[in-house]
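Topology and contacts: notes
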Amino acid sequence: MGKYFFIIALSFLINGCTFANNFNDKVEVITKNNKKSTFDSCANFSYISNINDKDYGVLFSEYINLDGSCSWNGLQRGYFEYLFKTTLKLKSFKIIERKDFNNYEFTTYLIDDKYYMNLIYKYSTYEDLFIIDYDGKYFTKLIKEFDKNYESVYLDKERFSNNYTNSLVKMNFINSYFSRQRENIFEK
């Protein structure tokens, strides 16, 4: 009996580790660069990263690994967009294109009615990855993995550039984006 329990526990451990490693399968550019860890009681191994890649240009990423006992208090992408807009004091931040494939959302924004920027958002049950693509090259490459006929009509437009470094994890203490779930002692 103990032998079977050990085998089952080992298979869960192996599958759990494999799943965690597969989250960033298509976003290999993120692993090439230095990461700054971000800390919160609900976040495990979370980080932000400013990337200057020779092929894709300037990117910013935030990876959030939420603890299993915590949950979001709203929509993750909405929180990210709002924090980005308010941090940089943007006048306008309009969605002009959105594509969804599996657990990916690809969004193109028009900022201050003049500049274009892309956001790649990948999500799973407890993990979220946001990638701001200032140049749009990485965004286009990833979409083409899902839709080979995709052509971006915004790559040649004036692009938004900034050095965004804020973080949902760092700002969670102030804005309560996510919190620990409380067990109701009267429910049984």
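Up top is the structure.
Residues take numbers from 1 onward in each chain, read along the sequence in its written order. A pLDDT threshold of at least 70 governs which residues receive local features in this predicted model, and a stricter bar of 80 or more applies before side-chain atom pairs are shown or counted, although totals over entire chains, interfaces and linings include all residues. Think of the side-chain values as coming from all heavy atoms in the structure, minus any hydrogens and water.

Moving on, we come to the side chain of Asp133. In this text, helices come from DSSP runs of H or I with a minimum length of four residues, and strands from runs of E with a minimum of two, each type numbered from the N-terminal end. You can see Asp133 is positioned in strand E8 (residues 127-133). In this scheme, a residue with accessible area under 20% of its type's maximum is buried, one over 50% is exposed, and one in between is partly exposed, where area comes from a 1.4 Å probe on protein chains only. Positive charges are assigned to Lys and Arg, negative charges to Asp and Glu, while His and the chain termini are left out of the count. We count a salt bridge whenever a side-chain nitrogen from Lys or Arg sits within 4 Å of a carboxyl oxygen from Asp or Glu. No salt bridge is formed by the buried Asp133; the nearest opposite charge belongs to Arg159, separated by 5.4 Å. Engagement of the side chain of Asp133 in a polar contact is seen with the backbone nitrogen of Tyr138, the distance being 2.9 Å. Discounting chain neighbours no more than four positions away, the residues touching Asp133 are Tyr56, Val58, Leu59, Met117, Asn118, Tyr138, Phe139 and Arg159. Definition of a polar contact: a pair of N or O atoms within 3.5 Å, with one able to donate and the other able to accept a hydrogen when the atoms are protein atoms, and with sequence-neighbouring residues admitted only if both atoms are side-chain atoms. Only heavy atoms matter for contacts: two residues are in contact if any of them lie within 4.5 Å across the pair.

Right, let's get into the pattern of salt bridges. Scanning all chains against the criterion turns up seven salt bridges. For the salt bridge of Arg180 with Asp67, the shortest nitrogen-to-oxygen distance reads 3.5 Å. Note that Arg180 is positioned in strand E9 (residues 178-180) and Asp67 in the loop between strand E3 (57-65) and strand E4 (70-72), a separation of 113 residues in sequence. When its relative accessible area of 21% is taken as the criterion, Asp67 is described as partly exposed. A salt bridge links Arg77 to Glu105; the nearest nitrogen and oxygen atoms lie 2.4 Å apart. Here Arg77, found in helix H2 (residues 76-87), pairs with Glu105, found in strand E6 (residues 104-111); they are 28 residues apart in sequence, far enough to count as distant.

All we've got here are geometric facts, nothing functional implied.
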